[in-house]
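# Structural description and commentary
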Amino acid sequence: MVGMFDHRKDGEHQRHGIDRSVVLENGKQHWIDEKVRWKAYNDIALEEWSDESRKKPGWVSKPLMCDYIAYAIAPLGMCYLLPVIQLQTAWRMNCSAWQNECFEIKAPNRGYTTISWAVPMEKLFRAIGNCHRMKLSKMHYARK
């Protein structure tokens, strides 16, 4: 890493959900959205709806420009770097099951309510890992 830039002030980056950018020595830049939980939990709260009544999708459901979600649980001193593409794919593939098995979090705010699902870490990490693997049929790897 050769540089890290804070984009948490109001501006174009914020409108795209980017809190921080990290620049690597080879010039590659990663955009990161930061989430912090202030109580110790053993799950990741995936935000399905940022505004339930207006049906505004949350960060696990809507298209994001960031590459990673840095998900910190402050009292544990832990931060998990979640790859957005695999995280959102895991959500799409498992949301029905998780909504039946996991705890729903309703967070009332001024004028709107946010809906998240408390997905146990091991369940979420397994689902994200599964997004890195695919089964191939014989047609995919048959030699010509």
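Remember, predicted model here, so these are calculated numbers, not experimental data.

Across the sheet, which stays open at both edges, the five strands sit in the order β1-β2-β3-β6-β7 with mixed pairing between neighbours. The sheet is open, and its two borders are formed by β1 (3-6) and β7 (78-83), each paired with just one other strand. Pairs of neighbouring strands in the sheet enclose a mean axial angle of 25 degrees, with direction left out of account. As paired elements, strand β3 (residues 29-37) and strand β6 (residues 68-73) share six bridges and run parallel to each other.

If you walk across this open sheet you meet the four strands as β5-β4-β9-β8, and the pairing is antiparallel. Lying at the two open borders of the sheet, with one neighbouring strand each, are β5 (56-57) and β8 (103-109). Here β8 pairs with strand β9 (residues 112-120) via seven bridges, running antiparallel. Along β9, the bridge assignment pairs Asn109 with Tyr112.

What follows is about the side chain of Asp51. By the element assignment, Asp51 lies in strand β4 (residues 43-51). The contact partners of Asp51, leaving out residues within four places of it in the chain, are Lys56, Tyr112 and Thr113.

Considered as a void within the structure, the largest pocket measures approximately 360 Å³ in volume. It is β3 that contributes the most residues to the lining of the largest pocket, three residues altogether. Residue composition of the lining of the largest pocket, by class: eight nonpolar, two polar and three charged.

What follows deals with the environment of Ala70. Inspection of the secondary structure assignment puts Ala70 in strand β6. Residue classification places Ala70 among the buried residues on the basis of a relative accessible area of 11%. With 34 residues separating them in the primary sequence, Ala70 and Val36 have C-alpha atoms 8.3 Å apart. With residues up to four places along the chain from it excluded, the contact list for Ala70 reads Ile32, Asp33, Glu34, Lys35, Cys79, Tyr80 and Leu81.

Cut-off values and rules
- Residues numbered from 1 in each chain as written.
- Predicted model: local features only at pLDDT ≥ 70, side-chain atom pairs only at ≥ 80, totals over all residues.
- Heavy atoms only, no water.
- Pairing = 2+ DSSP bridges.
- Helix = DSSP H or I, 4+ residues; strand = E, 2+ residues; numbered from the N terminus.
- Axes fitted to C-alpha atoms, helices over the stretch in contact; angles between N-to-C directions.
- Contact = heavy atoms within 4.5 Å.
- 1 Å grid on protein atoms, 1.4 Å probe; cavity = no way out; pocket = protein on both sides within 12 Å on 5 of 7 lines; lining within 4 Å.
- Points joined across faces, edges and corners; volume = space filled by probe spheres on them.
- Nonpolar A, V, L, I, M, F, W, Y, C, P; charged D, E, K, R; others polar.
- Buried < 20%, exposed > 50% of the residue type's maximum accessible area, 1.4 Å probe, protein only.

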